[in-house]
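# Descriptive structure summary
Here is how the chains run, residue by residue.
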Amino acid sequence: MATQRYGLFGWPVKHSVSPQMQEAGFRAAGIDASYELIEVHPDELSERLAWVKAEGFRGWNTTVPHKPAMMAAADQVEPTAQAAGSVNTVINRDGFLEAHSTDGYGLAMSIRESFDLEISGGAFLFWGAGGAARATSVYFAGRGAAAITIVNRTLSKAEDLARVIRGVAPACRVRVYSPAAAAVKEVLGGVDVVVQATSIGLHADDPIAIPADLLIPGLRIVDMIYRPTRLLRRGAEAGCRVVDGKGMLLHQGVRSFQLWTGLAEPPVEAMRTALHRALEEN
Ligand code: ATR
């Protein structure tokens, strides 16, 4: 058995490519470690948490539906993750659980790599107001984004998120719209990056997440979904600069790896290669 154990809590979690990505990182860094899938029903989460602590796991990721419960179980939560109400990474310091969210970092790095843009001073539009939008937009607010727009089908959820963002970053200009609002097209034209953060596109037969008539040429779009979506296809056809969620997936994992190992320069390229290979094989 590996000397260090890490894992991923989820339900379901079988589809995850994080083991291939993280284990490639450990190998490249010369660390004898395993990364295990921990598929656990919500009713059994506390039992399995006691188990990973007893087994001496050094840390773990968590995905749906356990993010809120994992945050509640942690002994300490990083402030931005606390404000966003979302954690995806836990460090186990001899039984003291420190929780972080690395999704915002992952998205920021993807935007830097794809568009050569920084978060600080930028204007971002998040399409969606669920867990993914919360975790990332609140991080962006904390990192000095100048303006954040939230567009969501359920306007009250967008307004709730806007309140959180204003609490974290009073100087950030925050606006909310329903997708059908006439102003949305003009607003889209004025932002640096549009982030598709709804769950639309997870399934191959899903409709397009953002109406095609809003896809103006030159628009920079990140779709958090890491498989081909209608938005990515139609966006490219319309002359938008579109990026899928693979970069975000990679960099959120890299940040988790860094939090666990303390390595200043994690083996990003080894992790990227393994991630792409695993996604192709899936
Ligand atoms: P969470 O991530 O918090 O579990 P979710 O229910 O999975 O939330 O939804 C994630 C996002 O996708 C939300 O912004 C949701 O919009 P609502 O807040 O209006 O529910 C959005 N979403 C999911 N399905 C959608 C659809 N068919 N049309 C528009 N938005 C949708």
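Structure: see above.
Here the structure is a predicted model, which is why all the values come from computation and not from measurement. (Residues numbered from 1 in each chain as written. Predicted model: local features only at pLDDT ≥ 70, side-chain atom pairs only at ≥ 80, totals over all residues. Heavy atoms only, no water.)

## Quick word on the pairing of strand β8 (residues 147-151)
Across the five residues of β8, five count as buried, placing the element largely inside the fold. Neither face of β8 is open: one carries A147, T149 and V151, the other I148 and I150, and all of them are buried. Relative to strand β9 (residues 173-177), β8 runs parallel, the two sharing five bridges. Note on β9: the bridge partner recorded for V151 is Y177. Once the chain exits β8 it traverses helix α7 (residues 155-168) before rejoining the sheet at β9, and the crossover so formed is right-handed. (Buried < 20%, exposed > 50% of the residue type's maximum accessible area, 1.4 Å probe, protein only. Helix = DSSP H or I, 4+ residues; strand = E, 2+ residues; numbered from the N terminus. Pairing = 2+ DSSP bridges. Right-handed = clockwise from strand over helix to strand, strands pointing away.)

## Observations regarding helix α2 (residues 45-55)
Looking at α2, one finds that the buried residues are L45, L49 and V52. Down the axis of α2, the sector holding all buried residues measures 65 degrees, keeping them to one side. Facing away from the buried side of α2 by over 90 degrees, the exposed positions are S46, E47 and A54. Among the structural elements, β1 (4-10), β2 (33-39), β3 (59-62), α3 (67-73) and β6 (96-100) are those in contact with the buried residues of α2. Positive phi shows up at G56, right after α2, with a value of about 80 degrees. (Arc of directions from axis to C-beta. Contact = heavy atoms within 4.5 Å.)

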